[in-house]
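What follows is the residue order along each chain.
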Amino acid sequence: MEILKMSTKNKKHLPKRIIVTHSDADGLTAATVVQGAVEKLENKEFYWLVLSSSNPTGTETEKMLDFANNLIPFQFGDKIFICDRANPSVEYLNMNQATLEKTQIVFIDHHITNNPELWIKRTKLKNISTIWSDEESGATLALQWFKEQYNFDEKFESLYSSFYKFTEIVKLWDIFTWTKLDKDEDSEKYFGALGINAMEKVLGKKFFYKKINENMNDLSKLNDLLEMSYEIYMDDYKDYCKISRKKALNYKFGRYFIKIYYDFDQKYQSLFSYDIFEEDEADIVAFVT
Ligand SMILES: [Mn+2]
């Protein structure tokens with residue numbers, strides 16, 4: 001778990017805005033959309049706490065909420081945004097009902113296992129709003145959620161236009177629809193999607209978050225950084241694959257051909273498994289770390 005933003009102690013009497021998110025490009029962009037939108041549209045001073053984790057499980061989400069509440073206990077007027085990651089379990093929500101009821105919770109996600117229809121009716125909490133679609137990404141859903149709330153606010157228009165293109169490209173990467181694009185015809189989108197992933201991996205989570213936050217009014221300023229990251233990442237990726245690709249353990253399970261890799265660097269896993277499928281070398285790729 002990383003702390004991406006934390007206000008100073010002298011602000012702890014203020015209402016809190018807490019974001020817990022996934023620490024990939026999608027989760028970090030979703031958190032930036034939330035932070036940018038709240039700052040512009042609510043236009044008040046808040047105590048900010050932004051946490052991210054690469055562990056996407058519900059148990060980890062619960063740990064992040066516990067961390068936030070232990071730091072400064074939740075109070076009436078606080079808002080919690082859970083982005084691009086699993087919901088806390090119904091048992092956790094009900095057990096902590098008295099504490100969580102003081103807040104407003106916004107759940108923004110697109111993973112099929114977290115569909116609110118699967119869990120929300122079983123919780124006693126009445127203060128959870130949700131937006132979910134498996135055809136979107138965390139980043140695009142975050143923008144959509146604010147659009148639904150602030151559609152008629154004139155301040156929202158500039159915010160929407162500065163985030164729209166960037167979040168769409170993040171989505172292309174995150175739900176892997178970039179693989180359906182034509183490299184030459186859609187080159188801006190194609191390399192944008194790969195570049196966003198590269199930028200998160202090359203810069204690291206904290207610096208990626210910092211950079212998109214600093215430039216949220218004009219994200220095209222990040223183009224140079226994006227191209228540079230892409231070049232570095234792809235060079236490293238090629239070198240890494242030359243050595244690691246042969247280290248697979250091959251299995252057959254029924255009619256499926258499975259490749260298992262031990263200790264394969266996490267930052268190349270998505271792209272690497274895509275390459276394996278493209279070349280039809282396996283039906284299933286598994287990484288054990
Ligand atoms: Mn995502």
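Computed from a prediction, not measured in an experiment: that's the story for all the values here. (Residues numbered from 1 in each chain as written. Predicted model: local features only at pLDDT ≥ 70, side-chain atom pairs only at ≥ 80, totals over all residues. Heavy atoms only, no water.)

At 2.1 to 2.4 Å from the manganese ion lie its protein donor atoms, namely D26 (OD), D84 (OD), H110 (NE2) and D174 (OD). Counting the intervening residues between successive donors of the manganese ion yields the motif D-x57-D-x25-H-x63-D. Of this pair, D84 sits in the loop between β4 (79-83) and α3 (90-95) while H110 sits in the loop between β5 (104-109) and β6 (128-132), and the two are 26 residues apart along the sequence. Look at H110 and you get buried, because its relative accessible area is 6%. (Donors = N, O, S within 2.8 Å, 3.2 Å for Na, K, Ca; no water. Helix = DSSP H or I, 4+ residues; strand = E, 2+ residues; numbered from the N terminus. Buried < 20%, exposed > 50% of the residue type's maximum accessible area, 1.4 Å probe, protein only.)

One finds I19, V34, F81, I108, F146 and I196 to be the most contacted residues of the largest nonpolar core, which totals 41 residues. Those elements giving two or more residues to this core turn out to be α1 (25-41), β3 (47-53), β4, β5, α5 (138-150), α6 (154-174), α7 (187-203) and α8 (205-214). With nine residues, α1 is the single largest residue contributor to this core. Dropping the residues within four chain positions of it, F81 is found in contact with R17, I18, I19, V20, V34, V38, V106, I108, W145 and F146. (Core = buried A, V, L, I, M, F, W, Y, C linked by side-chain atoms within 4.5 Å. Contact = heavy atoms within 4.5 Å.)

Moving on, we get to the packing of α6 against α7. For the pair α6 and α7, interaxial distance at closest approach is 8 Å and the crossing angle is 75°. Relative to α7, the element α6 is oriented roughly perpendicular. Mapping the contact onto sequence places K165, F166, I169, V170, L172 and W173 in α6 and E188, K189, G192, A193, L194, I196 and N197 in α7. Taken together, the residues of the contact of α6 with α7 break down into eight nonpolar, two polar and three charged. (Axes fitted to C-alpha atoms, helices over the stretch in contact; angles between N-to-C directions. Parallel < 35°, antiparallel > 145°, perpendicular 65-115°, else oblique. Nonpolar A, V, L, I, M, F, W, Y, C, P; charged D, E, K, R; others polar.)

What follows concerns the sheet that holds β4. Spatially, six strands are ordered β1-β3-β2-β4-β5-β6 in an open sheet, and the strand pairing comes out mixed. In this open sheet, the two strands that pair with only one neighbour each are β1 (2-6) and β6. Within this sheet the neighbouring strands show an average axis-to-axis angle of 15°, counted without direction. Packing of α5 onto the sheet brings it into contact with β4, β5 and β6, and relative to β6 it is tilted by some 125°. Strands in contact with α8 are β1 and β3; relative to β1, the strand with the most contacts, it is inclined by about 30°. (Pairing = 2+ DSSP bridges.)

As a volume, the largest pocket reaches approximately 580 Å³. Elements represented by at least two residues in the lining of the largest pocket include exactly α6, α7 and α10 (269-278). Classifying every residue of the lining of the largest pocket gives four nonpolar, seven polar and six charged. Looking at which domains feed residues into the lining of the largest pocket, each of domain 1 (2-230) and domain 2 (248-288) supplies at least three. (1 Å grid on protein atoms, 1.4 Å probe; cavity = no way out; pocket = protein on both sides within 12 Å on 5 of 7 lines; lining within 4 Å. Points joined across faces, edges and corners; volume = space filled by probe spheres on them. Domains from an automatic or database assignment.)

Moving on to the environment of L100. Residue placement: L100 occurs in helix α4 (residues 97-100). Its relative accessible area of 1% is what places L100 among the buried residues. When the C-alpha atoms of L100 and I80 are compared, they prove to be 9.4 Å apart, with 20 residues separating the residues in sequence. Contact partners of L100, with chain neighbours within four places excluded, come to F74, I80, Y92, L93, I105, L125 and N127.

Okay, unusual backbone geometry next. The phi angle at D263 is positive, at roughly 55°, despite the residue not being glycine. Tracing the sequence through the fold places D263 in the loop between β8 (256-262) and α10. Although it is not a glycine, D280 sits at a positive phi angle of roughly 55°.

Glancing now at the domain arrangement of the chain. Parsing the chain into structural domains produces domain 1 (2-230) and domain 2 (248-288). At the boundary of domain 1 with domain 2, total buried surface from both sides reaches about 500 Å², with 77% on carbon and sulfur atoms. Between domain 1 and domain 2 we count zero salt bridges in total. On the surface where domain 1 and domain 2 come into contact, there are zero residue pairs in polar contact (both at pLDDT 80 or more). Broken down by class, the residue content of the side of domain 1 that touches domain 2 amounts to four nonpolar, one polar and one charged. (Buried area = accessible area lost by both parts, 1.4 Å probe. Salt bridge = Lys/Arg side-chain N within 4 Å of Asp/Glu carboxyl O. Polar contact = N/O pair within 3.5 Å; in protein donor to acceptor, adjacent residues only side chain to side chain.)

For helix α9 (residues 223-244), built from 22 residues, the straight-helix expectation of 32 Å at 1.5 Å per residue is met to within 8% by its first-to-last C-alpha distance of 31 Å. For α9, the set of buried residues is L226, S229, Y233, M234, Y237, C241 and S244. On an axial view of α9, the arc spanned by its buried residues comes to 130°, and they lie on one face. For α9, the exposed residues lying more than 90 degrees away from the buried face are D224, E227, E231, K242 and I243. Looking at the packing, one finds that the buried side of α9 touches α7, β8 and α10. (Expected span 1.5 Å × (residues − 1). Arc of directions from axis to C-beta.)

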